[in-house]
Each structure stands twice: as structure tokens, then as C-alpha cells.
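So you can see what is in the structure, the chains are spelled out below.
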Amino acid sequence: PSHQLEQSTMDVGDLFHGRRYTRLILELSRWLARKHAAIDATAGGLSLPRFAANQLDVTHAKLMVDTRPLSRMTAEDRHTLRKRGKKARYACEFFSGLWPGRQTRGYLKLMRRLQESLGQINDLIEAGQLNLLLGPDKLDDELRFLIRDWSADAIRQCNRVAQPAWRQFQHREPFWRGNL
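Notes on the structure follow. (Residues numbered from 1 in each chain as written. Predicted model: local features only at pLDDT ≥ 70, side-chain atom pairs only at ≥ 80, totals over all residues. Heavy atoms only, no water.)

**A closer look at the overall build of the protein chain**
Looking only at helices and strands, the protein chain has six helices and two strands in total. The helix and strand sequence of the protein chain, counted from the amino end, reads α-α-β-β-α-α-α-α. Evaluated residue by residue, the protein chain yields a buried proportion of 34% over its 180 residues. Within the protein chain, residue pairs in contact and separated by at least 24 positions form 76% of the contacts whose partners lie at least 6 positions apart. Approximately 12000 Å² of the protein chain is accessible, and the part contributed by carbon and sulfur atoms is 55%. (Helix = DSSP H or I, 4+ residues; strand = E, 2+ residues; numbered from the N terminus. Buried < 20%, exposed > 50% of the residue type's maximum accessible area, 1.4 Å probe, protein only. Contact = heavy atoms within 4.5 Å. Areas by Shrake-Rupley, 256 points an atom, 1.4 Å probe, with all protein chains shown as cover.)

**Overview of empty space enclosed by the protein**
A probe matching the size of a water molecule, rolled over the atoms, marks out where space remains unfilled. In this structure the tally under the stated criterion is two cavities of 30 Å³ or more. Roughly 50 Å³ of volume is contained in the largest cavity. Looking at which element gives the most residues to the lining of the largest cavity, the answer is helix α5 (residues 102-134), with four residues. Residue composition of the lining of the largest cavity, by class: six nonpolar, two polar and no charged. Space inside the second largest cavity adds up to approximately 40 Å³. In this structure, the second largest cavity is lined by A75, R78, H79, R82, L118, I121, N122 and I125. Looking at the lining of the second largest cavity, the elements that each hand over two or more residues are α4 (75-95) and α5. Taken together, the residues of the lining of the second largest cavity sort by class into four nonpolar, two polar and two charged. (1 Å grid on protein atoms, 1.4 Å probe; cavity = no way out; pocket = protein on both sides within 12 Å on 5 of 7 lines; lining within 4 Å. Points joined across faces, edges and corners; volume = space filled by probe spheres on them. Nonpolar A, V, L, I, M, F, W, Y, C, P; charged D, E, K, R; others polar.)

**Side note on helix α6 (residues 141-171)**
Taking 1.5 Å of rise per residue, the 31 residues of α6 would be expected to cover 45 Å, and the 45 Å separating its terminal C-alpha atoms lies within 8% of that figure. Taking the largest bend as the criterion, α6 deviates by roughly 30 degrees, centred on A162, and proline P164 comes between one and four positions later. All buried positions along α6 are accounted for by R144, S151, A154, I155, C158, N159, A162, Q163, A165, W166 and F169. (Expected span 1.5 Å × (residues − 1). Bend = angle between axes of the 7 residues up to and from the residue.)

**Some thoughts on a positive patch on the surface**
There is a patch of like positive charges on the surface, built from K62, K83, R84 and K87. By residue number, the principal contributor to the positive patch is α4, which donates three residues. With respect to the element layout, R84 can be found in helix α4. Accessibility expressed as a relative area gives 30% for R84, which makes it partly exposed. (Patch = residues over 30% accessible without salt bridge, like charges linked within 9 Å, V, L, I, M, F, W, Y side chains within 5 Å. Salt bridge = Lys/Arg side-chain N within 4 Å of Asp/Glu carboxyl O. Lys, Arg positive; Asp, Glu negative; His and termini not counted. Charge placed at Lys NZ, Arg CZ, Asp CG, Glu CD.)

**Overview of the layout of surface pockets**
The computed volume of the largest pocket comes to approximately 540 Å³. In terms of lining residues, the largest pocket is bounded by 25 residues, among which L26, E93, F94, S96 and L108 are the most central. Listing elements by their share of the lining of the largest pocket, those giving two or more residues are α2 (19-38), α4 and α5. Per-class residue counts for the lining of the largest pocket are 11 nonpolar, eight polar and six charged.

**Focus on the nonpolar core**
If you look at soluble globular proteins, the nonpolar side chains tend to sit buried side by side. Residues L56, C92, W99, W166, F169 and W176 are the most contacted members of the largest nonpolar core, which totals 35 residues. Secondary structure elements with two or more residues in this core: α2, α3 (48-63), α4, α5 and α6. The element contributing the most residues to this core is α5, with nine residues. (Core = buried A, V, L, I, M, F, W, Y, C linked by side-chain atoms within 4.5 Å.)

**A few points about the packing of α5 against α6**
Packed helices, taken two at a time, are described by the angle their axes make and the gap between the axes. Interhelical geometry of α5 versus α6 gives an angle of 165 degrees and a closest axis separation of 9 Å. Judged on the interaxial angle alone, α6 and α5 are roughly antiparallel. In terms of crossing hand, the pair formed by α5 and α6 is left-handed. (Axes fitted to C-alpha atoms, helices over the stretch in contact; angles between N-to-C directions. Parallel < 35°, antiparallel > 145°, perpendicular 65-115°, else oblique. Left-handed = near helix turned anticlockwise from the far one by under 90°.)

Dropping the structure here:
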């Protein structure tokens, strides 16, 4: 029974990371946009676009708490930025149907590019950590040092690639502002 519970928990987790979930979110966003055009949808006395903009402002503010260059952030800081970015991106994707257009698509594309870069950095850090966990009894010192140096160099390179996207994102006007 506990094995079955673990299996069903993993299946639910996989569901939220799969294409079907993404498609559901996109379809729901489109549906909301159509309903808004047809009726005066309200949430707490606010129009749906105003409600959505308020929610997006909150997630955006949380994302922008730490605006230091990526190279000046610790691995933990970059990981925190990545998690905040995911939350902000999911909120943006959910409400994006309310603001269709090139500005919205460009903003989301930049968010995805930043997320991918931060994900690569995180993966490289994890590879370096695994190298440390293996210890000298699993790999000879020369190979361990080679992996360590490769990982550190790759992280620096990823930071150099990700930093322009991070800077561009910081200066980009969010698509929901000025469009109400």
C-alpha cells in the first residue's frame, strides 16, 4: 500500500510538469479571455484584467526582490531566483490570454529563456556536488579535479550567457502594465 501511495504521488508530480498540464493552463487562459470579452467578469469588485494585473504585480515584485548580477549571487540565491521566476512565469502564462499580442509573447519568451539558463546553472552546480559526494575512492584525483574545474568554468559561462537575459528582463515593461 505505501508503495502504491508513492507511485500515485509521483504520477501527480509528473502531471504538473507535463504537456497536458501546460495545455490545460493555456486553454483555461483562452477560455477566461473569451468569457471576459462576453461578460463583465468580476473578482472582488475588480474587472478580471485588473484582478489579474494585481496578481501579476505581486508575483513580479517577489521575483524582483534580488536584482544583483547573477555572478554575484550564491548558488542558493540563484536557485531562489529560479523558483520565484517559475511562479511568476506560471502566473504570466495563466493570465496571458487577457493580453494577447507580440509584447506578451516576447515577455514570456524572455522569461522562458531566463528560466532555462538558471536551470542549466543549477544542473551544473548539482553535477559539481555529485562529484564531491563520489569522493576519492570512486574517482581518481585527476578526474575529480577535471570535473570540478569543468563545472566551475561551465557555471561561469552560463552566468555570462544568462546575465544579459536577466538584465533585459529587469528593464522590460511587464505586458500587463499600461494595457488595462
